[in-house]
Amino acid sequence: MPSFLEEEILHLYEEPAIGASYTNSYGEENIQNLVGKYRGLNEQGIQEMMEMLVRFSQSTDLSACFISVGVLHALGKNEDVQKAYQWAETQEDSARIINHFDIGKSVADYFTLD
């Protein structure tokens, strides 16, 4: 059974829906909300969220993996971002996945400036 924190994080991946509005065309709000959630957590929460981010960054769910890569990038987790790219290179549709990762990183760069 997922923890309360895991349920909260999953909700931030899902809401608002990507592409459902002009302000969330590429998951901008999802990335901002997830970065904000991470920054407000205690050490245990950070560890739990990082495990989810890393796991989702290597997921076959394209929206979850590109949002995760964007969040990891915004948080400066370069090693985890590189691992996601390495994983993507082993996938059948690697070019498409990598393209989405690049979009996630660009969105994070633009929308998560401090």
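In the block above lies the structure referred to throughout.
To keep things clear, this report deals only with the structure shown in the data block. Since this is a predicted model, take the numbers as computed values, not measurements.

Let's shift gears to the side chain of Asn 30. Locating Asn 30 in the fold gives a position in helix H2 (residues 28-39). Side-chain polar atoms of Asn 30 contact the backbone oxygen of Tyr 13, separated by 3.1 Å. Separated by 2.8 Å, the side chains of Asn 30 and Asn 24 make a polar contact. The residues touching Asn 30, leaving out its near neighbours within four places in the chain, are Leu 12, Tyr 13, Glu 14, Glu 15, Pro 16, Ile 18, Asn 24 and Ile 67.

A cis amide bond, omega -5°, links Glu 15 with the succeeding residue Pro 16. If you trace the backbone, Pro 16 turns up in the loop between helix H1 (4-14) and H2.

Turning to helix H5 (residues 78-89), a few remarks are in order. The first and last C-alpha atoms of H5 sit 17 Å apart over 12 residues, in line with the 16 Å expected at 1.5 Å per residue. Buried within H5 we find Asp 80, Val 81, Ala 84, Tyr 85, Trp 87 and Ala 88. For H5, the angular spread of the buried residues around the axis is 160°, confining them to a single face. Among the exposed residues of H5, those oriented more than 90 degrees off its buried face are Glu 79, Gln 86 and Glu 89. Contacts from the buried residues of H5 go to helix H3 (43-57), helix H4 (62-74) and helix H6 (94-111).

Before going further, it helps to examine the packing of aromatic side chains. Tallied over the entire structure, the rule returns 3 aromatic pairs. Ring centres 5.1 Å apart and planes at 80° place the aromatic pair Tyr 13 and Phe 56 in the edge-to-face group. Here Tyr 13, found in helix H1, pairs with Phe 56, found in helix H3; they are 43 residues apart in sequence, far enough to count as distant. Classification of Tyr 13 as buried rests on a relative accessible area of 11%. Assessed through its relative accessible area of 15%, Phe 56 is described here as buried. On the basis of an interplanar angle of 75° and a centroid distance of 4.8 Å, the ring pair of Tyr 110 and Phe 111 is categorised as edge-to-face. Overall, the relative accessible area of 31% leaves Phe 111 in the partly exposed class.

Below, the discussion takes up the environment of Asp 80. Mapped onto the elements, Asp 80 comes out in helix H5. Note: C-alpha distance between Asp 80 and Val 69 (11 residues apart in sequence) is 8.2 Å. Those residues in contact with Asp 80, other than ones at most four positions away along the chain, are Met 50, Val 54 and Leu 72.

In this model, H4 (13 residues) spans 18 Å end to end at C-alpha, consistent with the 18 Å of a helix rising 1.5 Å per residue. In terms of burial, H4 is a largely internal element, 12 of the 13 residues being buried. All of the buried residues along H4 are Leu 62, Ala 64, Cys 65, Phe 66, Ile 67, Ser 68, Val 69, Gly 70, Val 71, Leu 72, His 73 and Ala 74. Close packing links the buried residues of H4 with H1, H2, H3, H5 and H6. Within two residues after H4, Gly 76 carries a phi angle of roughly 75°, on the positive side.

Calculation rules
Residues numbered from 1 in each chain as written. Predicted model: local features only at pLDDT ≥ 70, side-chain atom pairs only at ≥ 80, totals over all residues. Heavy atoms only, no water. Helix = DSSP H or I, 4+ residues; strand = E, 2+ residues; numbered from the N terminus. Polar contact = N/O pair within 3.5 Å; in protein donor to acceptor, adjacent residues only side chain to side chain. Contact = heavy atoms within 4.5 Å. Expected span 1.5 Å × (residues − 1). Buried < 20%, exposed > 50% of the residue type's maximum accessible area, 1.4 Å probe, protein only. Arc of directions from axis to C-beta. Phe/Tyr/Trp six-rings, centres within 6.5 Å; stacked < 30°, edge-to-face > 60°.

Any functional reading would require information that these geometric values do not contain.
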